[in-house]
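# Examining the three-dimensional arrangement
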Amino acid sequence: MKEERKRLGRLKRLEKIRAIAKQTAAVEAAQAESTLTQLRALSERTRRMASDYASRREASDGAALHQLGRFVTGLQAIARNTDGDALRAQSIADAKQRELAAAERRRAAIEERAELQARLIAKASEQPVLGSRKGSGTGLE
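Residues numbered from 1 in each chain as written. Predicted model: local features only at pLDDT ≥ 70, side-chain atom pairs only at ≥ 80, totals over all residues. Heavy atoms only, no water.

Counting across every chain of the model gives one aromatic pair. With centroids separated by 4.8 Å and ring planes inclined at 80°, the aromatic side chains of Tyr-53 and Phe-71 adopt a geometry described as edge-to-face. One end of the pair, Tyr-53, is in helix 1 (residues 2-54); the other, Phe-71, is in helix 2 (residues 62-125), and 18 residues separate them in sequence. (Phe/Tyr/Trp six-rings, centres within 6.5 Å; stacked < 30°, edge-to-face > 60°. Helix = DSSP H or I, 4+ residues; strand = E, 2+ residues; numbered from the N terminus.)

The following block contains the structure:
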């Protein structure tokens, strides 16, 4: 019985550790999703800026037109780089979501084991129910 209670205590501590690991994984997943969202927004804004500048036609001379073209080309390069960063961030966010799911499965498994152990202890500590005793002797007593 003492060993059973020790085992339950260990399982409860492990369950707390797994809950903390799950919480950490959730924070990391949220941060990865936030980074992904920011990169996508940055990429879209940069792409819009490049498009807006590319459609301008009020250059006063060839030098201004050339400078505008270089600026648009630079914005497009930044947008492409940001798209690549967003793809990497998507992979990281997906991996963090998988880690979160795995952490939850590990926590739930320990929780089930702890509940089973608690039920076993409770069952072992119950007093056995004594049934009615069969009378001895004859039915005339």
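Among the surface-exposed residues, Lys-2, Lys-6, Arg-7, Arg-10, Lys-12, Arg-13, Lys-16 and Arg-113 lie close enough to one another that they form a single positively charged patch. Of the residues forming the positive patch, the biggest block, seven residues, is contributed by helix 1. (Patch = residues over 30% accessible without salt bridge, like charges linked within 9 Å, V, L, I, M, F, W, Y side chains within 5 Å. Areas by Shrake-Rupley, 256 points an atom, 1.4 Å probe, with all protein chains shown as cover. Salt bridge = Lys/Arg side-chain N within 4 Å of Asp/Glu carboxyl O. Lys, Arg positive; Asp, Glu negative; His and termini not counted. Charge placed at Lys NZ, Arg CZ, Asp CG, Glu CD.)

As a packed pair, helix 1 and helix 2 sit with axes 6 Å apart at the nearest point and diverge in direction by 165°. It follows from the interaxial angle that helix 1 and helix 2 lie roughly antiparallel. Crossing hand, helix 1 versus helix 2: left-handed. When its residues are assigned to classes, the contact of helix 1 with helix 2 shows 32 nonpolar, seven polar and 20 charged. (Axes fitted to C-alpha atoms, helices over the stretch in contact; angles between N-to-C directions. Parallel < 35°, antiparallel > 145°, perpendicular 65-115°, else oblique. Left-handed = near helix turned anticlockwise from the far one by under 90°. Nonpolar A, V, L, I, M, F, W, Y, C, P; charged D, E, K, R; others polar.)

What follows is about the side chain of Gln-117. Tracing the backbone shows Gln-117 in helix 2. For Gln-117, the contacting residues outside a window of four places in its chain are Glu-4, Arg-7, Leu-8 and Leu-11. (Contact = heavy atoms within 4.5 Å.)

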